[in-house]
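Observations on the three-dimensional arrangement
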Amino acid sequence: MNITPFQALACPLDGGPLQRSGATWRCTAGHSFDIASHGYTHLLPVQNKRSRDPGDSKEMVAARRRFLNGGFYEPIAAAVSEAALTDLPATASCLDAGCGEGYYLRRLAATGGDGQTLALLGLDISKWAVLSAAKQDPRPNWVVGSNAVLPVQAGSIDRLLCIFGFPVYAEFARVLKANGQLLQVDAGPDHLRELREIIYPTLKPERAATVQPPPGFAGVSSESLRYSLDLAGQETIADLLAMTPHLYRASAERRALAAELTTLSVTVDVRLTRFTVAIAPTTHAGQGSARRLPLRHKPPFPLR
């Protein structure tokens, strides 16, 4: 597979197309964004930050990198890659929205066949995650940014990955091509149940799982993936806990119990769902055509 950096970036301040000139991205309005020495670009304006250092910390990113590179979530990566490559054009683009340290994009890049050219973009709100991703594979374009206002030109993405992330469906629909697909991975009711039983006094009853297409999308397929993991070593178990939101939701006492574990068998239970941008038929002068369903959301960029 021929991997290239995704080029159709948009200015996070005014939404205009960005053009690269040397080590800088610029829009026609004069906004410029330097490419860091490690190859990533910071496209998250200060006014869009909710904290000084948003997203995963440096320590959380390191834990995720160790755990994922250990191959524990390889079946998930394989399923995502297979789904992403299904019916994919020979020349296509893929955005991982919430890419973390880039594991799933690297796995996708290693899966494609001969004759395939794939322009890759990894985006995360954590600068530490994007830095780690850029260090491990310089071929994709890596960007610090937010799913709430994707710095991506409209209608430029063939496949969009949202893996254990925070979907913003209006933005996802905006950047996807008319025949593009959203691949979403969510935790199932039994995901890491054994770990959750240790760090929480009681577990909340699971709500019935429904796979309803989000606004502006139509369902393509849905599959569940379930398997067991046997973890050995305190560091590996600590890494798994550190890469989940449970680390900060549990009490100090319960976290201490988890820290004492040297072995743990856990269930991996996830759902992989494929959506496509919904279209509705319209008729003009007696001829059939199609249009995207309108999305009820504000323009992603301020109008100036």
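Details of the structure are given in the entry above.
Here the residue numbering is sequential within each chain, running from 1 through the sequence in written order. The predicted origin of the model limits local features to residues at a pLDDT of at least 70 and limits the giving and counting of side-chain atom pairs to 80 or more, whereas totals for whole chains, interfaces and linings rest on all residues. Hydrogens and waters are ignored; side-chain quantities use all the structure's heavy atoms.

A word on the packing of helix α1 (residues 58-69) against helix α4 (residues 127-136). Orientation is described by lines fitted to C-alpha atoms, with helices fitted over the stretch in contact, and by angles between N-to-C directions that extend from 0 to 180 degrees. In this description a helix means any DSSP run of H or I spanning at least four residues, a strand means any run of E spanning at least two, and both kinds are numbered starting from the N terminus. At a closest axis distance of 9 Å, the pairing of α1 and α4 adopts a crossing angle of 40 degrees. Classified by the interaxial angle, the pair formed by α1 and α4 is oblique. Our pair here, α1 against α4, has a crossing hand that is right-handed. Contacts from K58, V61, R65 and N69 of α1 reach α4 at W128, A129, S132 and Q136. Grouping the constituent residues of the contact of α1 with α4 by class yields 3 nonpolar, 3 polar and 2 charged. Geometric relationships in this document are graded by angle, where less than 35 degrees denotes roughly parallel, more than 145 denotes roughly antiparallel, 65 to 115 denotes roughly perpendicular, and other angles denote oblique. Crossing handedness: left-handed means the near helix sits turned counterclockwise from the far one by under a right angle, and right-handed means the same turn made clockwise. Residue contacts are counted whenever heavy atoms from the two residues lie within 4.5 Å of one another. Amino acids outside the nonpolar list (Ala, Val, Leu, Ile, Met, Phe, Trp, Tyr, Cys, Pro) and the charged list (Asp, Glu, Lys, Arg) are all regarded as polar, and Gly is one of them.

With that settled, the discussion passes to the sheet that holds strand β3 (residues 24-26). For two strands to be treated as a pair, DSSP must find at least two bridges joining them. Pairing is antiparallel across the open sheet formed by 3 strands, whose spatial order is β2-β3-β4. Single-partner strands in this sheet number two, and they are β2 (19-21) and β4 (32-34). With direction set aside, neighbouring strand axes in the sheet form an average angle of 25 degrees. Here β2 runs beside β3; their pairing, made up of 3 bridges, is antiparallel. The residue bridging R20 from the neighbouring strand is W25, located in β3.

Each regular strand carries side chains that alternate between the two faces of the sheet. The element strand β6 (residues 91-97) is extensively covered by neighbouring structure, given that 6 of its 7 residues are classed as buried. The pairing of β6 with strand β7 (residues 117-124) spans 7 bridges and is parallel. The residue bridging D96 from the neighbouring strand is G122, located in β7. Seen with the strands pointing away from the viewer, any crossover whose path from the first strand over the helix to the second strand runs clockwise is right-handed. Regarding topology, helix α3 (residues 103-111) serves as the crossover connection from β6 to the parallel β7, and that connection is right-handed. The buried label goes to any residue with under 20% of its type's maximum accessible area, the exposed label to any with over 50%, and the partly exposed label to all in between, with areas taken from a 1.4 Å probe on protein chains only.

For the rest of this paragraph, the subject is the environment of L261. With respect to the helices and strands, the residue L261 is situated in the loop between α9 (252-259) and β12 (263-277). As for L261 and E235, which are separated by 26 residues in sequence, their C-alpha atoms are 9.5 Å apart. For L261, the residues in contact, after removing those within four places along its chain, are I198, Q234 and I237.

Moving on: the packing of α1 against helix α7 (residues 234-242). In the contact formed by α1 and α7, the axes pass within 8 Å of each other and the chain directions differ by 120 degrees. Relative to α7, the element α1 is oriented oblique. α1 and α7 meet at a crossing whose hand is left-handed. Residues M60, A63, R66 and F67 of α1 form the contact with α7, whose participating residues are E235, T236, D239, L240 and A242. Looking at the contact of α1 with α7, its residues break down into 5 nonpolar, 1 polar and 3 charged.

Let us look at the side chain of D137. If you trace the backbone, D137 turns up in the loop between α4 and β8 (141-144). Not counting the four nearest positions on each side in its chain, D137 is found in contact with R106 and W142.

Looking now at the pattern of salt bridges. Salt bridges are defined as contacts in which a side-chain nitrogen from Lys or Arg sits within 4 Å of a carboxyl oxygen from Asp or Glu. Taken as a whole, this structure holds 11 salt bridges when the rule is applied. As a salt-bridge pair, R106 and E101 come within 3.1 Å of each other at their nearest N and O atoms. Per residue, the accessibility class of R106 equals that of E101, and both read buried. Between R193 and E197 there is a salt bridge whose closest N-O contact spans 3.9 Å. Of the two residues, R193 and E197 are both situated in helix α6 (residues 193-199); the distance of 4 residues between them amounts to about one turn of the helix. By relative accessible area, which is 26% here, R193 ends up partly exposed. The network of salt bridges with shared partners includes D190, R193, E197, R226 and D269.

This part covers the packing of aromatic side chains. In this scheme Phe, Tyr and Trp rings, the latter by its six-membered ring, pair at centre separations within 6.5 Å, and the angle between planes marks the pair as stacked below 30 degrees, edge-to-face above 60, and tilted otherwise. Applying the stated criterion across every chain, the model contains 7 aromatic pairs. Judged by centre distance (6.1 Å) and plane angle (70 degrees), the rings of Y169 and F217 are edge-to-face. Within this pair, whereas Y169 is found in helix α5 (residues 169-175), its partner F217 is found in strand β11 (residues 217-232), the two being separated by 48 residues in sequence. Three or more aromatic residues link up through ring pairs in this structure, and these residues are F67, F72, Y73 and F164.

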